[in-house]
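Read off the chains here:
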Amino acid sequence: MTPRSVLNRSLLAVAGLVLLCGGLLILFAGLDLYRRHDLVPPAGWPLTTPNDVLLGSADRARWSSQGWWWWPAVIAALVLAALLALWWLLAQVSRRRPGSLPVGGTPPQEGVELRDHALSDAIATQAGALPGVEHAAVRITGRPAHHRTRVSLTLTPEGAPGATLGALCEGPLRTARQCTGSPHMPTDVRLHVIRHKPHRAE
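For the protein, an unreviewed UniProt entry supplies the name Alkaline shock response membrane anchor protein AmaP and the organism Streptomyces sparsogenes DSM 40356.

Here is the structure:
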């Protein structure tokens with residue numbers, strides 16, 4: 001699971017929890033469930049009867065007497081919350097991952113799609129099994145018709161960059177091109193060499 005997915009799910013969970021609690025609070029007060037079922041809400045609990053309001057006259061007067069900075073602070077907080085919500089919404093709309101990719105073949109498999117996560121995991125598994133490769137990470141970005149593959153390989157100290165790059169192109173990347181039916185799949189490859197402790201001569 002990517003950090004972006006974790007953030008999205010966390011925000012959705014928090015927003016859903018807030019909406020659920022607020023809805024239950026209004027529902028209990030509107031239907032007068034506390035009185036009907038002889039329930040005693042905690043002290044200071046808002047909205048306990050159908051005639052209650054969230055912010056009464058006394059509360060409004062008390063907060064209004066705090067000074068001139070109170071209402072600008074409230075407005076600034078609301079504007080900030082709205083901007084953050086808009087940013088999150090735009091980030092979801094303009095996603096940079098293709099999501100699903102068409103499956104190639106002869107004849108083409110109509111209606112069959114391949115998730116970008118599955119393809120990237122398959123490429124990473126095959127690339128990690130190549131000789132001289134310690135670790136492989138793959139990410140697919142772009143749109144389904146114009147996607148780009150980003151491969152990051154960590155080589156062992158004995159690994160040969162040229163041979164590893166050739167094996168990557170002729171193995172996992174060729175298989176991915178055949179699966180998606182994209183003969184010209186742009187790919188960026190980054191090679192790293194794993195660090196190892198220097199040997200001490202005695």
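Okay, back to it.
(A) The arrangement of the sheet that holds strand 5 (residues 187–193) in detail. The 3 strands lie next to each other as 3-4-5, forming an open sheet whose pairing is mixed. Each edge of the open sheet carries a strand with a single partner, namely strand 3 (133–143) and strand 5. Mean inter-strand twist for the sheet, computed between neighbouring axes without regard to direction, equals 15 degrees. In terms of strand pairing, strand 3 meets strand 4 (residues 146–155) through 10 bridges, oriented antiparallel. Bridge pairing in strand 4 places R143 opposite H146. Where helix 5 (residues 116–128) meets the sheet, its contacts fall on strand 3 and strand 4, and the angle it forms with strand 3 comes to roughly 155 degrees.

(B) Highlighting the packing of helix 6 (residues 161–170) against helix 7 (residues 172–180). Interhelical geometry of helix 6 versus helix 7 gives an angle of 20 degrees and a closest axis separation of 3 Å. Relative to helix 7, the element helix 6 is oriented roughly parallel. On helix 7, the residues touching A167, L168, C169 and E170 of helix 6 are P172, L173, R174 and R177. In terms of residue class, the contact of helix 6 with helix 7 is built from 5 nonpolar, no polar and 3 charged.

(C) Representation of the UniProt feature "transmembrane region" (unreviewed entry) in the protein within the structure. Mapped onto the present numbering, the UniProt feature "transmembrane region" (unreviewed entry) falls at residues 12–31 and 69–90. Secondary structure content for residues 12–31 is 95% helix and 0% strand, while the C-alpha to C-alpha distance between its ends is 28 Å. In this annotation, residues 69–90 is assigned 95% helix and 0% strand; the end-to-end C-alpha distance for the span is 31 Å.

(D) Inspection of the nonpolar core at higher detail. Of all hydrophobic cores here, the largest spans 16 residues; its most connected members are I123, V133, V151, L153 and L168. Every element with two or more residues in this core is listed here: helix 5, strand 3, strand 4 and helix 7. Those residues within four positions of V133 in sequence are excluded, and the remaining contacts are A127, G128, L153, T154, L155, T156 and T164.

(E) Local environment of helix 7. Within the span of helix 7, buried status applies to P172, L173, A176 and T180. Projected down its long axis, helix 7 carries its buried residues within an arc of 95 degrees, all on one side. Count one or two residues on from helix 7 and you reach G181, which has phi positive near 70 degrees.

(F) A look at the side chain of T149. Relative to the elements of secondary structure, T149 occurs in strand 4. Not counting residues up to four positions away in its chain, the partners in contact with T149 are I123, V138, R139, I140, M185, P186, T187 and D188.

(G) Spatial organisation of a nonpolar patch on the surface. Together, I75, V79, L83, L86, L89 and L90 line one region of the surface with nonpolar side chains, adding up to about 560 Å² of accessible area. Assignment of secondary structure puts V79 in helix 4 (residues 70–93). What makes V79 partly exposed here is its relative accessible area of 43%.

(H) Expanded view of the packing of helix 5 against helix 7. Two elements in contact, helix 5 and helix 7, have axes separated by 9 Å at closest approach and are oriented at 155 degrees. As summarised for this structure, helix 5 and helix 7 are arranged roughly antiparallel, according to the angle between their axes. Seen along the crossing, helix 5 lies across helix 7 with a hand that is right-handed. On helix 7, the residues that touch L119, I123, Q126 and A127 of helix 5 are P172, L173, T175, A176 and T180. Along the lines of polarity and charge, the residues of the contact of helix 5 with helix 7 split into 6 nonpolar, 3 polar and no charged.

So, how was this worked out
- Residues numbered from 1 in each chain as written.
- Predicted model: local features only at pLDDT ≥ 70, side-chain atom pairs only at ≥ 80, totals over all residues.
- Heavy atoms only, no water.
- Pairing = 2+ DSSP bridges.
- Helix = DSSP H or I, 4+ residues; strand = E, 2+ residues; numbered from the N terminus.
- Axes fitted to C-alpha atoms, helices over the stretch in contact; angles between N-to-C directions.
- Contact = heavy atoms within 4.5 Å.
- Parallel < 35°, antiparallel > 145°, perpendicular 65-115°, else oblique.
- Nonpolar A, V, L, I, M, F, W, Y, C, P; charged D, E, K, R; others polar.
- UniProt positions renumbered as here; feature names shortened; annotations may be inferred.
- Core = buried A, V, L, I, M, F, W, Y, C linked by side-chain atoms within 4.5 Å.
- Buried < 20%, exposed > 50% of the residue type's maximum accessible area, 1.4 Å probe, protein only.
- Arc of directions from axis to C-beta.
- Patch = residues over 30% accessible without salt bridge, like charges linked within 9 Å, V, L, I, M, F, W, Y side chains within 5 Å.
- Areas by Shrake-Rupley, 256 points an atom, 1.4 Å probe, with all protein chains shown as cover.
- Salt bridge = Lys/Arg side-chain N within 4 Å of Asp/Glu carboxyl O.
- Left-handed = near helix turned anticlockwise from the far one by under 90°.

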